[in-house]
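A structural walkthrough
These are the residues of each chain, in order.
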Amino acid sequence: HLYYCTPNSPFEVQEHFDSCWRSVDTMEELDWAAADYPVIRKLQEIQEVERMEIWDGYMIDGTLANHDLVRGEPIPKGLYHLVSEILVRHIDGDYLLMRRDTQKSNYGGYYEATAGGSALKGEDKVSCAMRELLEETGISSNDLQEISCYTSHDTIYYCFLCVTDCDKTSITLQKGETMSYKWISEKDFIAFVNSNEMIDTQRKRYHDYFVKMGYIR
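Residues numbered from 1 in each chain as written. Predicted model: local features only at pLDDT ≥ 70, side-chain atom pairs only at ≥ 80, totals over all residues. Heavy atoms only, no water.

1. Side note on the overall build of the protein chain
- Helices and strands together make up the secondary structure of the protein chain, namely 5 helices and 12 strands.
- Evaluated residue by residue, the protein chain yields a buried proportion of 39% over its 217 residues.
- Intrachain contacts of the protein chain at a sequence separation of at least 6 include 54% that bridge at least 24 residues. (Helix = DSSP H or I, 4+ residues; strand = E, 2+ residues; numbered from the N terminus. Buried < 20%, exposed > 50% of the residue type's maximum accessible area, 1.4 Å probe, protein only. Contact = heavy atoms within 4.5 Å.)

Here is the structure:
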């Protein structure tokens, strides 16, 4: 048995068997007993690198620390990672809420306003916000207004407002992240903000905007 990995495509593995090459879709399908272990181990290592989510480390003032962080690993004291969150409001005044997948470990099944996630290595706060907004809602926008900044013990959150005229039925879901969505009126959104239905930590991060809009009771 011989194995090779197509250049620039570490997941495309082929096996030479019975005088011909055949595609092997996943590492699990390889004949481990016949495999050249060092080669297979190298392929495993390549896959692990591809799976890792790498973040830029930041100082508390938002400047780059020239230190990479890996999702799931402890963040060294004094360093922070960057998260962008986006609140979506339609031009008719309605707000968009996305329901978190029930399988998520934190606040599974809760509605949140609206999208967000960690900045990948090389992304700034705006490019992160644009990507997360598109991935989690299907909305494409480069007109985002920064409305607040909040720092926790190891995370710097930048919050943006996206005002859109999108087709309200065009919202898309992201597998493993969101499971449904709904548009609610400004009146209902204010009630949501002041209820225990809203994730408390998110309410804190949007606090400046909510105060400015008179939404906090």
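2. Some points on the state of the cysteines
- This structure, assessed with the given rule, holds 0 disulfides.
- With no disulfide of its own, cysteine 159 has cysteine 149 as its nearest cysteine by sulfur position, at a separation of 7.9 Å.
- As a non-bridged cysteine, cysteine 162 has cysteine 166 as the owner of its nearest cysteine sulfur, 7.7 Å distant.
- The class for cysteine 162 is buried, based on a relative accessible area of 0%. (Disulfide = S-S within 2.5 Å.)

3. Here we look at the layout of surface pockets
- What the largest pocket holds in volume is close to 1100 Å³.
- In this structure, the largest pocket is lined by 38 residues; those nearest its centre are Arg71, Arg100, Asn106, Ser118 and Tyr157.
- When contributions to the lining of the largest pocket are tallied by element, the ones reaching two or more residues are β6 (81–90), β9 (115–118), α2 (125–137), β11 (155–164) and α4 (200–205).
- Its residues placed into classes, the lining of the largest pocket shows 10 nonpolar, 13 polar and 15 charged. (1 Å grid on protein atoms, 1.4 Å probe; cavity = no way out; pocket = protein on both sides within 12 Å on 5 of 7 lines; lining within 4 Å. Points joined across faces, edges and corners; volume = space filled by probe spheres on them. Nonpolar A, V, L, I, M, F, W, Y, C, P; charged D, E, K, R; others polar.)

4. A few points about unusual backbone geometry
- Cis geometry is adopted by the peptide bond preceding threonine 114, which originates at alanine 113 and carries an omega value of -10 degrees.
- In this structure, threonine 114 sits in the loop between β8 (111–112) and β9.
- Phi is positive for asparagine 66, close to 55 degrees, though the residue is something other than glycine.
- Relative to the helices and strands, asparagine 66 resides in strand β5 (residues 64–70).
- Even without being glycine, tyrosine 107 reaches a positive phi, approximately 55 degrees.
- Summarising the element assignment, tyrosine 107 is placed in the loop between β7 (95–100) and β8.

5. Regarding the packing of aromatic side chains
- In the structure shown here, the tally under the stated rule is 11 aromatic pairs.
- With a centroid separation of 5.4 Å and an interplanar angle of 80 degrees, the aromatic rings of tyrosine 107 and tyrosine 110 are classed as edge-to-face.
- Tyrosine 107 gets classed as partly exposed once you look at its relative accessible area, which sits at 37%.
- The class of tyrosine 110 is partly exposed, set by a relative accessible area of 34%. (Phe/Tyr/Trp six-rings, centres within 6.5 Å; stacked < 30°, edge-to-face > 60°.)

6. Quick look at α2
- Helix length check: α2, at 13 residues, gives a terminal C-alpha distance of 18 Å against a target of 18 Å (1.5 Å per residue), a fit within 8%.
- Listed in full, the buried residues belonging to α2 are Cys128, Ala129, Arg131, Glu132, Leu133, Glu136 and Thr137.
- Positive backbone phi, at 85 degrees, marks glycine 138, one or two positions downstream of α2. (Expected span 1.5 Å × (residues − 1).)

7. Focus on the nonpolar core
- Counting 21 residues, the largest nonpolar core has Ile86, Val88 and Ile139 as its most contacted members.
- Counting residues per element, the ones that place at least two in this core are β6, β7, α2 and β11.
- Ranked by the residues each element gives to this core, the list is headed by β11, at 4 residues.
- For isoleucine 86, the contacting residues outside a window of four places in its chain are Ala113, Thr114, Ala115, Gly116, Ala129, Glu132, Leu133, Leu144, Phe160, Cys162 and Tyr206.
- Of all hydrophobic cores here, the second largest spans 16 residues; its members include Leu97, Leu161, Phe189 and Met198. (Core = buried A, V, L, I, M, F, W, Y, C linked by side-chain atoms within 4.5 Å.)

8. What to know about the pairing of β7
- Across the 6 residues that make up β7, a large majority, 5, are buried.
- Across 6 bridges, the pairing between β7 and strand β12 (residues 178–184) is antiparallel. Bridge pairing in β12 places arginine 99 opposite serine 180.
- Pairing of β7 with β8 involves 2 bridges; the strand directions are antiparallel. (Pairing = 2+ DSSP bridges.)

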